[in-house]
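Read off the chains here:
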Amino acid sequence: MSDISKAFADGKAFIAFLTGGDPTLAASERYLVAMAEAGADLLEIGIPFSDPIAEGPVIQAANIRALSAGANVDGIFELARRVHAKIDTPLVFLTYLNPVFHYGYERFCERCRECGVSGLIIPDLPYEEQGELKPIAAKHGIDIITLIAPTSEGREAQIAKDATGFVYAVSSLGVTGVRSEITTDLARMVGDIKKQTDTPVAVGFGVHSPEQAAEIGAFADGVIVGSKIVSIIAEQGEDAEVPLREYVASMKNALS
Amino acid sequence: MSSEVTQNPETQAAGRYGEFGGQYIPETLMNEIIALETAYERFKDDPEFQTELDMLLREYAGRPSRLYYAAKMTDDLGGPRIWLKREDLNHTGSHKINNVLGQCLLAKRMGKTRVIAETGAGQHGVACATAAALLDLECEIFMGKEDTERQALNVYRMELLGAKVNPVTSGTMTLKDAVNEAMREWASRVSDTLYVLGSVMGPHPFPMIVRDFQSVIAKEIRSQLEAKAGKLPDAVVACVGGGSTAMGTFYDFIDEPSVRLIGCEAAGRGIDTDQHAATITKGEPGVFHGMKSLFLQDSDGQIAPVYSISAGLDYPGIGPEHAELHATGRAEYVPVTDEEAVQAFEYLARTEGIICAIESAHAVAHVRKIAQEFDADQDLVICLSGRGDKDVAAIARYRGKDVHE
């Protein structure tokens, strides 16, 4: 069992995402620590990528800001290492496959372990293609966190059975971004997944308000918030620490 | 090169060409990709589907395209007999019509009412809008904002044909970003929509489907040259961006070892500058746009900005089957600069009276370089993938003349 299970050990998990290096690596470090202190149970660090095809405009812009500010893969590893030295909240990366492939799967997973990163969420690595990375990741104790979408009909059972870390249930079609309304029957979707696996199920894509968190927390093991956090950082720049603390606390409170 | 290739055949997805290919796309699209593959496997050998496609290719697109003996060019170069495969004479002015008719018919069979597509120069976008108009499909095209400005006439053409053109303002605002945006759009609306990909790239089954629909080019070359010269060609030459022209031109000859397969990629301002799109010459293995293949990228695996005078070759990757044909040495890939392509564009216009697409001119340019390697009793076929009307203003500007469309 990996570190990730700690995030789900004590009630419903609040999973907080930011893009590493947006606006700077030093700011990301402060924000990750602040969010953990404010109640985030798991921290998801996005490795900026030139062409993030699963992201909406908010996180796309964060990727561009981070890359323009000079963030690179080794810089993000160093960020993770520094955060891990300060807090024991589990860390995962969200990354597209090419930076991992280019770094070399073996070397990348080894660096993850050294820096305290417990899992990888890779939006362009679907279940069928995981075989080339999963055994290497497992050897280093890294979970490949798999996604299940509203369009995964007929595939959920197999994906859920082989899931490690947690299952990332995608709430809606399309790309990441704040949604006022989620039309998927999430309770049923999460219920179907939970029939297949004891691995925790967290819901992301479009989640942003405490009301949504409370509603989803009633049937899922956690919620994942990305775009809302990134938009706070986009608005506040270097001064986002206080509003991030307040926001994370409000979400964690709604889940309790 | 730090990447390693780790393969586990038992858990590997479909659509592999050696180590290349695969289906590296978000989970949201997986069922749709599988449905497309199932539909294609069902209809590709369905007599009714084939009859309808053949009829459209013949009566609507104007196939078979001519295999024209370029006597003056042959004479001038003093090498092999040179033949031009005239895809430029197809309806909509390029080879792109071969693929879109096939994919749009498939969309209809799958019960889709809407198609989306990316486009660079606009040839695929115009072809897709054309097929959509003919087959009563709603159509939206994604085109980099920079390309909508470079190819403003094609934007209006697509609109005339009833398509909605969405200028893409993310990233480098060119073809790569148009593909990103089309994929994002597809993931947000899969039920009634098919993504009609324009090249032999992306996740399986697209590289296979587009290759199959384009392989009509090679089949025709084989039978036409057999009729005219009684033999196989000694070489076939085509330009390579994503690689649909070249794949269509090569496909029937892959198992004929006597036929040289030559792909010409865009060297832009030179492969020693950072302004080119020479993926095979300068790229490295990677995973992007749904496929494992070769890509121009930096030391961190970020996809590199690319450049070519030709919007149709201005792409940082290449189809996975080309990556494999390169890896095995079956096909040769060579870089051709903007300047060489422009000179060839002018050369073909003056020598044969044919204004070809600047993409195709990359192939013409390379043949001018290698003609002397061949004997007079050998036959070399150049695929003229498209006509050059769309490029005239840009070539004039390249030559310092201010021509307004």
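Residues numbered from 1 in each chain as written. Chains lettered and ligands numbered in written order. Predicted model: local features only at pLDDT ≥ 70, side-chain atom pairs only at ≥ 80, totals over all residues. Heavy atoms only, no water.

1. Structural notes on the overall build of chain B
Logical step 1: In terms of helices and strands, chain B carries 16 helices and 14 strands.
Logical step 2: Computed over C-alpha atoms, the radius of gyration of chain B comes to 20 Å, within 12% of the 22 Å expected from 2.2 N^0.38 for 405 residues, which places it in the range of a compact globule.
Logical step 3: When the backbone C-alpha atoms are referred to their principal axes, chain B occupies close to 55 × 50 × 50 Å.
Logical step 4: In chain B, which comprises 405 residues, the share counted as buried stands at 64%.
Logical step 5: Total accessible area computed for chain B in this model is approximately 14,000 Å², and 49% of it derives from carbon and sulfur atoms.
Logical step 6: Taken together, the 40 basic and 60 acidic charged side chains of chain B have centroids lying 4 Å from each other. (Helix = DSSP H or I, 4+ residues; strand = E, 2+ residues; numbered from the N terminus. Rg over C-alpha atoms; globule rule 2.2 N^0.38 Å. Buried < 20%, exposed > 50% of the residue type's maximum accessible area, 1.4 Å probe, protein only. Areas by Shrake-Rupley, 256 points an atom, 1.4 Å probe, with all protein chains shown as cover. Lys, Arg positive; Asp, Glu negative; His and termini not counted. Charge placed at Lys NZ, Arg CZ, Asp CG, Glu CD.)

2. As for the sheet that holds strand β5 (residues 114-119) of chain B
Residue and element names in this part refer to chain B.
Logical step 1: With parallel pairing, 4 strands are arranged side by side in an open sheet as β7-β6-β5-β8. What marks the edges here is a single partner per strand, and that holds for β7 (164-168) and β8 (193-195). Taken pair by pair, the neighbouring strands of this sheet meet at an average axis angle of 20°, ignoring direction.
Logical step 2: As judged from the 5 bridges shared by strand β6 (residues 138-144) and β7, these two strands associate in the parallel manner. What sits directly across from Met 143, in β7, is Pro 167. (Pairing = 2+ DSSP bridges. Axes fitted to C-alpha atoms, helices over the stretch in contact; angles between N-to-C directions.)

3. Observations regarding the packing of aromatic side chains
Logical step 1: One pass over the structure, following the stated rule, counts 17 aromatic pairs over all chains.
Logical step 2: These aromatic residues form a ring-pair network of at least three members: Phe 49 and Tyr 96 of chain A together with Phe 288 and Phe 295 of chain B.
Logical step 3: When the ring centre of Phe 43 of chain B is taken as origin, the NZ or CZ atom of Arg 109 of chain B, which lies over that ring, is 5.8 Å away.
Logical step 4: Arg 368 of chain B extends its terminal NZ or CZ atom over the ring of Tyr 347 of chain B, reaching a point 4.0 Å from the ring centre. (Phe/Tyr/Trp six-rings, centres within 6.5 Å; stacked < 30°, edge-to-face > 60°. Lys NZ or Arg CZ within 6 Å of the ring centre and 35° of its normal.)

4. Describing the pattern of salt bridges
Residues and elements named next belong to chain B.
Logical step 1: Applying the stated criterion across every chain, the model contains 51 salt bridges over all chains.
Logical step 2: Where Arg 150 meets Asp 314, a salt bridge forms, and the shortest distance between an N and an O atom there is 3.2 Å. Of this pair, Arg 150 sits in helix α6 (residues 145-150) while Asp 314 sits in the loop between β12 (290-295) and α13 (320-327), placing them 164 residues apart in sequence.
Logical step 3: For the salt bridge of Arg 399 with Glu 339, the shortest nitrogen-to-oxygen distance reads 3.5 Å. Placement of Arg 399 in the segment after α16 (392-398) and of Glu 339 in helix α14 (residues 338-352) is noted, with a sequence separation of 60 residues between them. (Salt bridge = Lys/Arg side-chain N within 4 Å of Asp/Glu carboxyl O.)

5. Concerning the nonpolar core
Logical step 1: With 88 residues, the main nonpolar core has Phe 8, Phe 166 and Tyr 168 of chain A together with Val 115, Trp 186 and Tyr 195 of chain B as its most contacted residues.
Logical step 2: The residue makeup of this core includes at least three contributed by each of domain 1 (24-55 + 96-201) and domain 2 (63-94 + 211-398) of chain B.
Logical step 3: Each residue touching Val 115 of chain B, except ones within four places of it in the same chain, is listed here: Cys 104, Ala 107, Cys 128, Ala 132, Leu 137, Glu 138, Cys 139, Glu 140, Leu 194 and Val 196 of chain B.
Logical step 4: Judged by nonpolar contacts, the second largest core, of 73 residues, contains Leu 79, Cys 109, Ile 148 and Leu 186 of chain A. (Core = buried A, V, L, I, M, F, W, Y, C linked by side-chain atoms within 4.5 Å. Domains from an automatic or database assignment. Contact = heavy atoms within 4.5 Å.)

6. Some points on the sheet that holds strand β9 (residues 235-240) of chain B
Residue and element names in this part refer to chain B.
Logical step 1: Here we have 6 strands laid out as an open sheet, ordered β3-β4-β14-β9-β10-β13, and mixed in their pairing. Each end of this open sheet is capped by a strand with a single partner; those strands are β3 (67-69) and β13 (331-337). Averaged over all adjacent pairs, the angle separating strand axes in this sheet is 30°, with direction ignored.
Logical step 2: Sheet topology note: the strand β4 (residues 81-86)/strand β14 (residues 379-384) ladder contains 6 bridges and is parallel. Counted as the bridge partner of Arg 81 is Asp 379 from β14.
Logical step 3: Across the sheet, helix α15 (residues 358-370) touches β4, β9, β10 (260-268), β13 and β14, and the angle it forms with β14 is around 160°.

7. Some points on the domain arrangement of chain B
Residues and elements named next belong to chain B.
Logical step 1: With domains assigned, chain B is organised as domain 1 (24-55 + 96-201) and domain 2 (63-94 + 211-398).
Logical step 2: Here the C-alpha centroids of domain 1 and domain 2 sit 23 Å apart.
Logical step 3: Between domain 1 and domain 2, the contact holds 32 residues from the first and 40 residues from the second.
Logical step 4: Run the count over domain 1 and domain 2 and you get 1 salt bridge.
Logical step 5: Our count for the contact surface shared by domain 1 and domain 2 stands at 13 residue pairs in polar contact (both at pLDDT 80 or more).
Logical step 6: Of all the secondary-structure elements, those providing two or more residues to the side of domain 1 that touches domain 2 are α2 (47-60), α4 (96-109), α5 (123-134), α6 and α8 (175-188).
Logical step 7: In terms of residue count, the dominant contributor to the side of domain 1 that touches domain 2 is α4 (6 residues).
Logical step 8: Class assignment of the residues belonging to the side of domain 1 that touches domain 2 gives a composition of 14 nonpolar, 14 polar and 4 charged. (Polar contact = N/O pair within 3.5 Å; in protein donor to acceptor, adjacent residues only side chain to side chain. Nonpolar A, V, L, I, M, F, W, Y, C, P; charged D, E, K, R; others polar.)

8. Structural notes on the packing of helix α1 (residues 27-43) of chain B against α8 of chain B
Think of two packed helices as two axes; the pair is described by the angle between the axes and how far apart they sit.
All names here are of chain B.
Logical step 1: Running from amino to carboxyl end, α1 crosses α8 at an angle of 85°, the nearest separation of the two axes being 9 Å. As summarised for this structure, α1 and α8 are arranged roughly perpendicular, according to the angle between their axes. Touching Thr 28, Leu 29, Glu 32 and Ile 33 of α1 are Met 183, Trp 186 and Ala 187, all from α8.
Logical step 2: A class-by-class count of the residues in the contact of α1 with α8 yields 5 nonpolar, 1 polar and 1 charged. (Parallel < 35°, antiparallel > 145°, perpendicular 65-115°, else oblique.)

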